[in-house]
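What follows is the residue order along each chain.
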Amino acid sequence: MCPECRVALRPSLQRVRAGPVSVLVALDYGGVIAHVLGAVKERGRTDALGVLAGSFGVALEVASSASSVIVTVPSTRAAVRRRGFRPVEELVRRSGAGLAPVRGGLVLVRDVADQAGLGVEERRANLSGALRASARLAGRRVLIVDDVLTTGATLLEARRALVAVGARVEGAVCLAYTRRRDGRGEAQVTQRRPAGS
C-alpha cells in the first residue's frame with residue numbers, strides 16, 4: 001500500500017441516516033477504498049483487510065457503548081463459499097476495537113440476488129423479509145454493522161428483523177458510504193466530523 005493510498009484510507013467519520021437508522025461511516029466509498037475492498041471481496045486479498053480495519057475500528061469505538069452488542073449483516077451462503085470468509089466479521093475482528101459480534105444474531109432465511117446493479121426499489125424488494133434475528137437479542141441494545149452503505153435497504157431490513165424480536169436498535173456502523181451521483185434514494189449525510197472527535 002503506497003503512502004498516497006494510505007492517506008485516502010484515513011477515517012473521516014460521517015453521521016448519515018438510512019430511514020430511522022443513524023449510521024456512523026468511516027470512509028467515502030470510491031477510488032482507493034473501492035479498489036481495496038474489491039480486492040478483499042472479489043479477489044480474496046484478506047491481507048488488505050488490515051488497512052481497512054483501522055478506519056473501521058475508529059468508527060466502531062465511537063459508536064459502540066458498554067451496554068450495546070454488535071450484530072453483523074450476514075453474507076449470502078454463496079458468497080461465503082466463494083470467498084471462504086465473511087468480510088464484515090473479519091473487519092470487526094481485525095479492527096482493534098475489542099468487540100465481537102453476536103454469533104447468529106442475524107441470519108438469511110432465503111436466497112437474495114447480488115445487490116450490485118439493482119436500483120433502490122429493487123434492493124428493497126430483494127431484501128424484504130430476507131433476514132431473521134435471534135430471539136436472544138430481545139431487550140438488548142444492538143448496533144448493526146455492515147461494510148458499505150448504499151441505499152440503506154440492507155440496514156432497514158436488518159432493523160426490521162431485530163425490532164421484530166424485541167431488540168432495541170441504537171444505530172449502525174459501516175466502513176464506507178456510497179454517494180449516488182443522481183442524489184436519489186441515498187442515505188442522507190447529517191454530520192461530518194474529523195476522526196476521533
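Procedures and definitions
- Every chain's residues receive numbers from 1 upward, in the order its sequence appears when written.
- A pLDDT threshold of at least 70 governs which residues receive local features in this predicted model, and a stricter bar of 80 or more applies before side-chain atom pairs are shown or counted, although totals over entire chains, interfaces and linings include all residues.
- Remark: hydrogens and water are excluded; side-chain values derive from all non-hydrogen atoms of the structure.
- Note on definitions: salt bridges are taken to be side-chain nitrogens of Lys or Arg within 4 Å of carboxyl oxygens of Asp or Glu.
- Only DSSP runs of H or I covering at least 4 residues are called helices, and only runs of E covering at least 2 are called strands; the numbering of each starts at the N terminus.
- Each residue gets one of three labels from its accessible area relative to the maximum for its type: buried under 20%, exposed over 50%, partly exposed in between, using a 1.4 Å probe on protein chains only.
- Any two residues whose heavy atoms approach within 4.5 Å are treated as being in contact.
- Any helix carries an expected span of 1.5 Å times its number of residues minus one.
- The definition of a nonpolar core used throughout is a set of buried Ala, Val, Leu, Ile, Met, Phe, Trp, Tyr and Cys residues joined through side-chain atoms within 4.5 Å.
- A residue's pLDDT is the confidence the predictor assigns to it, expressed on a 0 to 100 scale.

On to the pattern of salt bridges. This model, assessed by the stated rule, comprises eight salt bridges. Among the salt bridges present, the one from R83 reaches E42, with a minimum N-O distance of 3.8 Å. Taken together, the positions of R83 in helix α4 (residues 77–83) and E42 in helix α2 (residues 31–43) put the pair 41 residues apart, joining distant regions of the chain. The closest approach of N and O atoms between E90 and R94, which form a salt bridge, is 3.2 Å. Taken together, the residues span about one helical turn, with E90 and R94 both in helix α5 (residues 87–94) at a distance of four residues. Connected through salt bridges with shared partners, the residues E42, R82 and R83 form a single ionic network.

Residue placement: Q14 occurs in strand β1 (residues 14–18). A relative accessible area of 0% places Q14 in the buried class.

Checked against the element boundaries, G166 lands in the loop between α7 (153–164) and β7 (168–177). With 27 residues separating them along the chain, G166 and G139 place their C-alpha atoms 5.6 Å apart. If we ignore the near neighbours within four places in the chain, the residues touching G166 are L137, A138 and G139.

Before going further, it helps to spend a moment on α7. The end-to-end C-alpha distance of α7 is 17 Å, a good match for the 16 Å that 12 residues give at a rise of 1.5 Å each. Buried within α7 are the following residues: A153, L155, E157, A158, A161 and L162. Where α7 terminates, the next one or two residues include G166, which has phi positive at roughly 90 degrees.

So, on to the nonpolar core. Judged by nonpolar contacts, the single largest core of 28 residues is most densely connected at L27, L52, F56, L60, L91, V145 and L175. Every element with two or more residues in this core is listed here: β2 (21–28), α2, α3 (49–63), α5, β6 (141–149) and β7. Looking at which element gives the most residues to this core, the answer is α3, with six residues. Those residues in contact with L91 that sit more than four places away from it in its chain are L49, L52, A53, F56, D147 and L175. Listed in part, the 26 residues of the second largest apolar core include V69, L108, V142 and C174.

The next thing to look at is the side chain of T72. Within the secondary structure layout, T72 lies in strand β3 (residues 68–72). Excluding anything up to four places from it in sequence, T72 contacts V88, E89, V92, P101, L106 and V145.

Our focus in this paragraph is the confidence of the model for the protein. It should be kept in mind that the predicted coordinates are not to be read in detail where pLDDT is low. Averaged over the protein, the pLDDT score is 84; the fraction of residues at 70 or greater is 82%. The lowest-confidence element of the protein is strand β8 (residues 188–192), averaging 44 in pLDDT; the highest-confidence one is β7, averaging 96. When the criterion is pLDDT under 50, residues 182–197 qualifies, and its contacts beyond four places in sequence or with other chains add up to 46 contacts.

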